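Structural description and commentary
Here is what each chain is made of, one letter per residue.
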Amino acid sequence: MTTYYLNNSTGSDGNSGTSSGTPWKTMGYADAHIAPGDTVLMQTATWRVPAQITTANTVWKAQTGHTPVLDGGYHAGLFADGRMPSPNNYQPGSRYAGMLNIPADNVTLEGLIVQNIAGKGVLVQGDYVTVRNCATYHTYSTGIGFHGDSANKKSRNGLIEDCRVTLGCILIFDPDRVNANGNDNTDQGVRVDDCIDTVVRRTIVGYIYGEGLDVGKGNVRAIVEDCTFINCRHVMLYGMWSTDTIFRRNLLAWASNITGEFQAGDGGSHAGIMIRDENTKKTGYTVQNGVQIYNNIVINMKAGIKIDGSGKHDTALRRGYIGYNTVVVGPQSATAINISQNEGRVHEAIVENNIFEGSAQPSKTLAQGSPTRVLFRNNLWSKAPPAAFSGTGDI
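Residues numbered from 1 in each chain as written. Predicted model: local features only at pLDDT ≥ 70, side-chain atom pairs only at ≥ 80, totals over all residues. Heavy atoms only, no water.

Of the regular secondary structure elements, the protein chain holds two helices and 38 strands. Scored against the burial criterion, the 395 residues of the protein chain give a buried share of 55%. Partitioning the intrachain contacts of the protein chain with sequence separation of at least 6 by distance along the chain shows that 65% fall at a separation of at least 24. (Helix = DSSP H or I, 4+ residues; strand = E, 2+ residues; numbered from the N terminus. Buried < 20%, exposed > 50% of the residue type's maximum accessible area, 1.4 Å probe, protein only. Contact = heavy atoms within 4.5 Å.)

Right, here's the structure in full:
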């Protein structure tokens, strides 16, 4: 188990790399020459080309007191006439590519800044990968993504911890993002797809021009806890096509004075926490079940908590639990909780011990939808909800 040093400014791939004064230069060289069990300490420098970590059981982290940066050159200074240029001329060269890719297992990445990326920031496919105390900033699409492969294997036991993901999904300023079907494509600050036992913890996700964090297709037992979501243009915290997802102890808030592109076209973020299985029949994934949403604080969302089975979304809150949340209706809000269903799907859920506060919007109803087979009890409402949402022990 050897410790190596890396510095793109003062280093050389001809050095030994084994001391702070003789660092290697490139991440590619380091990845090709380290062995399982080794640690790479990255010094203050900027790397401007995509990299990947293919050596398993390794640690890549900022040396104490240093700030390593990966920069794709797709910075805010390129903004002109209301748009950003095509991402194809900047690193990593495609909106679907990652600036830092981690296909290896048992890798720890700690203390890096990944910024100005014309694609995705950090893209993980390996098992038991930890991304800790890292920051992504100004990414065309996703800041941090954990992605398994539904056709082959799922990514297991990933951890995102103490990270900051800001100014993501700036593709909103690229007119060419609209695809052949006329869809206004968007992405997420953080996305987890086809993974098992992934945890996102104590992470700040803010000023995302798309969705904040998606627990997407095919996930099993994902946990999002103790995170903060501020001003994400679409849904802040989104669950779809997954099993036994837990959202707990998160803070989600929308600032009322945000205007322009951030308004999402209809005044504020669409929802704080949303469960929606989009186009389920087309995806081949099963509808969600076992979702638990508890001990969250949601402030000033268009809908605080929304279970959306409307239209083409074949959603059901099977074995669901919504409890001990505080939802505060603000100037941008339409309702505190909205539960709908589609095509005869029935909900089998409990909604209990929540606080739904709507004093800022006395003319608005606190609940909307048509919940079926949902047990409501012991909720505190600032005014009486529709009969379908009331229950024993309500205040």
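What follows deals with the sheet that holds strand β33 (residues 335–339). Strand order in the open sheet formed by 11 strands is β4-β7-β10-β13-β17-β21-β24-β27-β30-β33-β36, with parallel pairing between adjacent strands. The sheet is open, and its two edges are formed by β4 (51–52) and β36 (367–369), each paired on a single side. In the sheet, strand β17 (residues 188–193) pairs with strand β21 (residues 211–215) via four bridges, with the strands oriented parallel. Residue pairing in the sheet places R191 in a bridge with D214 of β21. (Pairing = 2+ DSSP bridges.)

Attention shifts here to the side chain of N116. You can see N116 is positioned in strand β9 (residues 113–117). Assessed through its relative accessible area of 9%, N116 is described here as buried. The residues contacting N116, other than those within four sequence positions of it, are D71, G72, G73, Y74, H75, Q91, Y137 and H138.

Our next topic: the confidence of the model for the protein chain. Chain-level pLDDT for the protein chain is 90 on average; 90% of the residues reach the 70-or-more range. Scored below 50 in pLDDT, residues 263–267 shows eight contacts in the model against residues more than four places distant or in partner chains. (pLDDT = per-residue confidence, 0-100.)

Let us look at the packing of aromatic side chains. Both the distance between ring centres and the angle between the ring planes are used here to describe each pair of aromatic rings. Applying the stated criterion across every chain, the model contains eight aromatic pairs. Taken together, the ring pairs connect Y4, W24 and Y29 into an aromatic cluster. (Phe/Tyr/Trp six-rings, centres within 6.5 Å; stacked < 30°, edge-to-face > 60°.)

Following the criterion strictly, the structure yields 20 salt bridges and no others. Residues D127 and K153 are paired through a salt bridge, measuring 3.2 Å at the closest nitrogen-oxygen approach. With D127 in the loop between β10 (120–124) and β11 (130–132) and K153 in the loop between β13 (144–147) and β14 (155–156), this residue pair connects regions lying 26 residues apart in the sequence. Judged by its relative accessible area of 41%, K153 is partly exposed. Close ionic contact of R377 with E352 constitutes a salt bridge, the shortest N to O distance being 2.6 Å. In this pair, R377 sits in strand β37 (residues 374–377) while E352 sits in strand β34 (residues 348–352), placing the two residues 25 residues apart along the sequence. A network of salt bridges, in which partner residues are shared, links E110, R132, E161, D162, R201, R202, E225, D226, R248 and R249. (Salt bridge = Lys/Arg side-chain N within 4 Å of Asp/Glu carboxyl O.)

Pairing between the strands of a sheet is mediated by backbone hydrogen bonds and can be parallel or antiparallel. Strand order in the open sheet formed by 12 strands is β3-β6-β9-β12-β16-β20-β23-β26-β29-β32-β35-β38, and the pairing between neighbours is parallel. Pairing within the sheet leaves two strands with one partner each, and these edge strands are β3 (45–47) and β38 (380–381). Inspection of the sheet shows strand β35 (residues 355–357) paired to β38 by two bridges, in the parallel sense. Residue pairing for β38: F356 is matched across the bridge by W381.

Residue P92 is reached from Q91 by a cis peptide bond, and omega for that bond is 10 degrees. The phi torsion at R373 lies on the positive side, around 55 degrees, for a residue other than glycine. With a relative accessible area of 55%, R373 lands in the exposed category.

This brings us to the side chain of D194. Its place among the elements puts D194 in the loop between β17 and β18 (195–196). Within the local environment of D194, its side chain forms a polar contact with the side chain of K154, the two groups lying 3.2 Å apart. (Polar contact = N/O pair within 3.5 Å; in protein donor to acceptor, adjacent residues only side chain to side chain.)

Of all hydrophobic cores here, the largest spans 85 residues; its most connected members are W60, L109 and V131. If you look at the next biggest cluster of nonpolar residues, it comprises eight residues, including Y238, M240, W241 and A303. (Core = buried A, V, L, I, M, F, W, Y, C linked by side-chain atoms within 4.5 Å.)

For β21, a buried count of five out of five residues is recorded, marking the element as mostly surrounded by other parts of the structure. Relative to strand β24 (residues 237–239), β21 runs parallel, the two sharing three bridges. Paired with V215 across the strands is G239, a residue of β24.

Further remarks concern the state of the cysteines. Scanning all chains against the criterion turns up zero disulfides. C169 takes part in no disulfide bond, and the closest cysteine sulfur to it belongs to C232, at a distance of 8.6 Å. For C169, a relative accessible area of 1% translates into the label buried. As a non-bridged cysteine, C227 has C163 as the owner of its nearest cysteine sulfur, 9.5 Å distant. You can call C227 buried: its relative accessible area is 2%. (Disulfide = S-S within 2.5 Å.)

Below, the discussion takes up a nonpolar patch on the surface. A surface patch of nonpolar side chains, about 210 Å² in accessible area, is lined by L251, I297 and I299. Locating I299 in the fold gives a position in strand β29 (residues 297–299). (Patch = residues over 30% accessible without salt bridge, like charges linked within 9 Å, V, L, I, M, F, W, Y side chains within 5 Å. Areas by Shrake-Rupley, 256 points an atom, 1.4 Å probe, with all protein chains shown as cover.)

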